[in-house]
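Spelled out from the first residue to the last, the chains are:
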Amino acid sequence: MKTESRLEKVLASGNLAVTSECGPPRGSVPEKVKEKAEMLRGVVDGINVTDNQTAVVRMSSLSACILIAQMGLDPILQMVTRDRNRLAMQSDILGAYAHGIHTMLCLSGDHPQFGDHPMAANVYDLDSIQLIQTVRTMRDEGKFQGGDDILNPPKMFIGAAANPFADPFELRVARLAKKAKAGVDFIQTQCIYNLDKFETWMSGVRDRGLHEQVSILAGITPMKSAGMAKYMKNRVPGMDVPDEVVKRLSGVPKEKQAEEGIKMAVEDMQRLKEMEGVRGFHIMAIEWEQKVPEIVERAGLLPRPEA
Amino acid sequence: MITAERKPLEEILTLIEPCDRILLVGCNECVTVCAAGGRKEVALLSSALQMARMKEGRTLDVTELTLERQCDPEYVEELVTSIDRGDAVLSMACGCGVQEVARRFKEKPVFPAVNTKFMGASERQGVWAERCQGCGDCLLGLTGGICPIARCSKRLLNGPCGGSSSGKCEINPDVDCAWQLIWDRLKALGLESRYEDIAPPKDWRTSRDGGPRRIIREDLAS
């Protein structure tokens, strides 16, 4: 074991892992964090805590992670390179580890243009791959990116994202290979709706043996409505929503669309479970956290293994 | 070249509000090429300002001048004979020119008439696009001659990010994804294998992060 991360233990035991996420509130409201995290107790192996997601200011990921760790749950510290330079990020990693946080997700983050401070400077001192390298060097060599030794180096289980549906498609396996080379341990993918395209990507991943170097968790976001499916299809960059998905949701009455969305997510998970190289799921039920236990249960992934 | 765009007339009028006489100074270099502050634009701005003033029932005495290079002390010196013909200098050069005039004539207010934009190239008639941010440590040899610092919205050195879609950037479908361009070019050059070399964190000290920069050429310095 490289770390004390519960996610690492579950993956090492050969079980399918389950993670989900919790977006911190837009204010100093610890109760909101606890409320969302409590819904996920016993249901997942790690709770991603987003870092100013969509470039909108929220309670910091690190502080929300600490609140969650204090509840005896397992937060996954998301860190985007957009807002802080390498000094700030490394000091937060030290602080996170000091608070018993053992799992991280390294991201570049959405461009500030999408958020509530489009005028903000974007830092990007490091990119996501360089952040992975940095966290690995901190853990395995006990050194800061600048080269100095660390007192009690933080041992983080290192995650990153992958979007098999972004362009150019032919680079998507190669970029995963770069993340693997940089030292990533696990990957959470973009929400998967186009399973055929995902399978094509996975087969490219397997051809290079990358599925044996990194644990790939398939991204799942249940659709709440046909409207949401249309929005994701047309408005969200890097999202691949096939027409059949929109059609199937539009085909049921409005009040039954949410249930249909859950059903579709569970069906996708059943199919993905059979796909070689899929080591678990990352369920992003945006502002719909209360549905995660049901999805995990219906996908046959309860109870979660002891770790 | 350094590109610029003229400021809105209202803003310029506000800047020169206290002045009855101005020295309007263009530059014959970059801002002439990008049609922002050359001789022609000096003449146009001069008439626009005088007309606007007339509407207010005031007059404005404008002396028009266009220097060969406003960022070069040798040419700025030419202003000595006319500097007293204005209560202020209104410069149509890039920020370098404005500052050179301010440095030479310490007691004369200098106002910018343009917004300096970026170092870029002309894409076609009337269209200029950013190409270089002057990071001081050129990577173009590794990236197929396309700069990820100037042309990727996140300046990722190991792109593309997940927002690349059909060759375009997530911030705007009119913006090319620099990493798609880099990849296409690496392929054209048969250098695909280079893509998976991880670009290490950049040393930004050679860029503006290291403080204001200078070049000292001992062989030329006087």
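Residues numbered from 1 in each chain as written. Chains lettered and ligands numbered in written order. Predicted model: local features only at pLDDT ≥ 70, side-chain atom pairs only at ≥ 80, totals over all residues.

Participant: I tried to follow the overall build of chain A on my own but got confused; where do I start?
Facilitator: Secondary structure assignment for chain A yields 12 helices and eight strands. Whereas a compact globule of 307 residues would reach a radius of gyration of roughly 19 Å, chain A reaches 18 Å, a difference of no more than 12%. Structurally, chain A occupies a C-alpha span of about 60 × 45 × 45 Å along its principal axes. Relative to its 307 residues, chain A shows a buried fraction of 53%. Looking at chain A alone, contacts between residues at least 24 apart form 79% of all its contacts between residues at least 6 apart. (Helix = DSSP H or I, 4+ residues; strand = E, 2+ residues; numbered from the N terminus. Rg over C-alpha atoms; globule rule 2.2 N^0.38 Å. Buried ≥ 20, exposed ≤ 12 C-beta atoms within 10 Å, placed from the backbone. Contact = placed C-beta atoms within 7 Å.)

Participant: Which parts of the structure should I look at to understand the sheet that holds strand 7 (residues 215-220) of chain A?
Facilitator: Within a beta sheet, neighbouring strands are joined by backbone hydrogen bonds and run either parallel or antiparallel to one another. Residue and element names in this part refer to chain A. Read around the closed barrel, the eight strands follow the order 1-2-3-4-5-6-7-8; overall the barrel is parallel. Between one strand axis and the next, the sheet turns by 30 degrees as a mean value, whatever way the strands run. Against the sheet, helix 3 (residues 61-70) makes contact with strand 2 (46-49) and strand 3 (75-80), and its axis sits at roughly 175 degrees relative to strand 3, the strand it touches most. Where helix 11 (residues 257-273) meets the sheet, it contacts strand 7 and strand 8 (278-283), and its direction lies at approximately 160 degrees from that of strand 7. (Pairing = 2+ DSSP bridges. Axes fitted to C-alpha atoms, helices over the stretch in contact; angles between N-to-C directions.)

Participant: How should the sheet that holds strand 1 (residues 2-6) of chain B be read in this particular structure?
Facilitator: All names here are of chain B. The strand order across the open sheet built from three strands is 1-6-7, with neighbouring strands paired in antiparallel fashion. Edge positions in the open sheet fall to strand 1 and strand 7 (127-132), since each of these has one partner strand only. On average, adjacent strands in this sheet sit at an angle of 70 degrees to one another, irrespective of strand direction. With four bridges joining them, strand 1 and strand 6 (residues 114-124) adopt antiparallel strand pairing. Residue pairing for strand 6: Glu5 is matched across the bridge by Asn115.

Participant: I tried to follow the domain arrangement of chain B on my own but got confused; where do I start?
Facilitator: How big an interface is tends to be stated in terms of the accessible area lost upon association of its parts. Taken domain by domain, chain B holds domain 1 (2-118) and domain 2 (133-210). Here the C-alpha centroids of domain 1 of chain B and domain 2 of chain B sit 37 Å apart. (Domains from an automatic or database assignment.)

Participant: Would you take a moment to explain the interface of chain B and chain A for this structure?
Facilitator: Counting from both sides, the interface comprises 22 residues of chain B and, opposite them, 26 residues of chain A. Of the residues in the side of chain B that touches chain A, the class split is nine nonpolar, nine polar and four charged. (Nonpolar A, V, L, I, M, F, W, Y, C, P; charged D, E, K, R; others polar.)

Participant: When you look at the packing of helix 6 (residues 172-182) of chain A against helix 7 (residues 195-207) of chain A in this model, what are you seeing that I'm missing?
Facilitator: In helix packing, the relevant descriptors are the interaxial angle and the interaxial distance, both defined with respect to the helix axes. Residue and element names in this part refer to chain A. For the pair helix 6 and helix 7, the least separation of the axes is 9 Å and the interaxial angle reads 45 degrees. Taken together, the axis directions place helix 6 and helix 7 in an arrangement best described as oblique. In this structure, helix 6 crosses over helix 7, and the sense of that crossing is right-handed. Residues Arg172, Val173 and Leu176 of helix 6 form the contact with helix 7, whose own contacting residues are Trp201, Gly204 and Val205. Counted by class, the contact of helix 6 with helix 7 contains four nonpolar, one polar and one charged residues. (Parallel < 35°, antiparallel > 145°, perpendicular 65-115°, else oblique. Left-handed = near helix turned anticlockwise from the far one by under 90°.)

Participant: What is the right way to read helix 7 (residues 178-188) of chain B from this model?
Facilitator: Along an α-helix, residues three or four apart share an orientation, since each turn contains 3.6 residues. Residue and element names in this part refer to chain B. Those residues of helix 7 not exposed but buried are Ala178, Trp179, Gln180, Leu181, Ile182 and Trp183. Where helix 7 is buried, its residues contact helix 6 (148-151) and strand 9 (172-176). Just downstream of helix 7, Gly190 is the residue with a positive phi angle, here 70 degrees.

Participant: Even after reading the chapter, I still don't get the environment of A:Trp288, so can you show me in this structure?
Facilitator: Residues and elements named next belong to chain A. Following the sequence through the fold, Trp288 ends up in the loop between strand 8 and helix 12 (292-298). It is 9.4 Å that separates the C-alpha atoms of Trp288 and Lys36, two residues lying 252 residues apart in sequence. The contacts of Trp288, once residues within four sequence positions are left out, are Pro222 and Lys224.

Participant: I would appreciate a short explanation of the pairing of strand 8 of chain A in the present structure.
Facilitator: Working note: regular strand, side chains alternate between the two faces of the sheet. Residues and elements named next belong to chain A. Taking burial as the measure, the six residues of strand 8 include five buried ones, the bulk of the element. As defined by bridge partners, strand 1 (residues 17-22) adjoins strand 8 across four bridges and the pair is classed as parallel. In the strand pairing of strand 8, Val18 is matched with Phe281. Relative to strand 8, strand 7 runs parallel, the two being bridged by five bridges.

Participant: Where do I start with the confidence of the model for chain B in this structure?
Facilitator: A low pLDDT score tells you not to read the predicted coordinates there in detail. In this model, chain B carries a mean pLDDT of 97, and residues with pLDDT of at least 70 account for 100%. The ipTM assigned to the predicted complex is 0.85, against a pTM of 0.90. (pLDDT = per-residue confidence, 0-100.)

Participant: In this structure, what is going on with unusual backbone geometry? I would like to understand it.
Facilitator: Among all residues except glycine, the phi angle is most often negative; among peptide bonds, the trans geometry is most common. Cis peptide bonds are those with omega within 30 degrees of zero, and the linkage from A:Asp167 to A:Pro168 qualifies with -15 degrees. Cis rather than trans, the peptide bond between B:Gly159 and B:Pro160 has omega equal to -5 degrees. Examined against the element boundaries, B:Pro160 turns out to sit in the loop between helix 6 and strand 8 (168-169). Phi angles above zero are rare outside glycine, and B:Ser166 is one such case at about 50 degrees.

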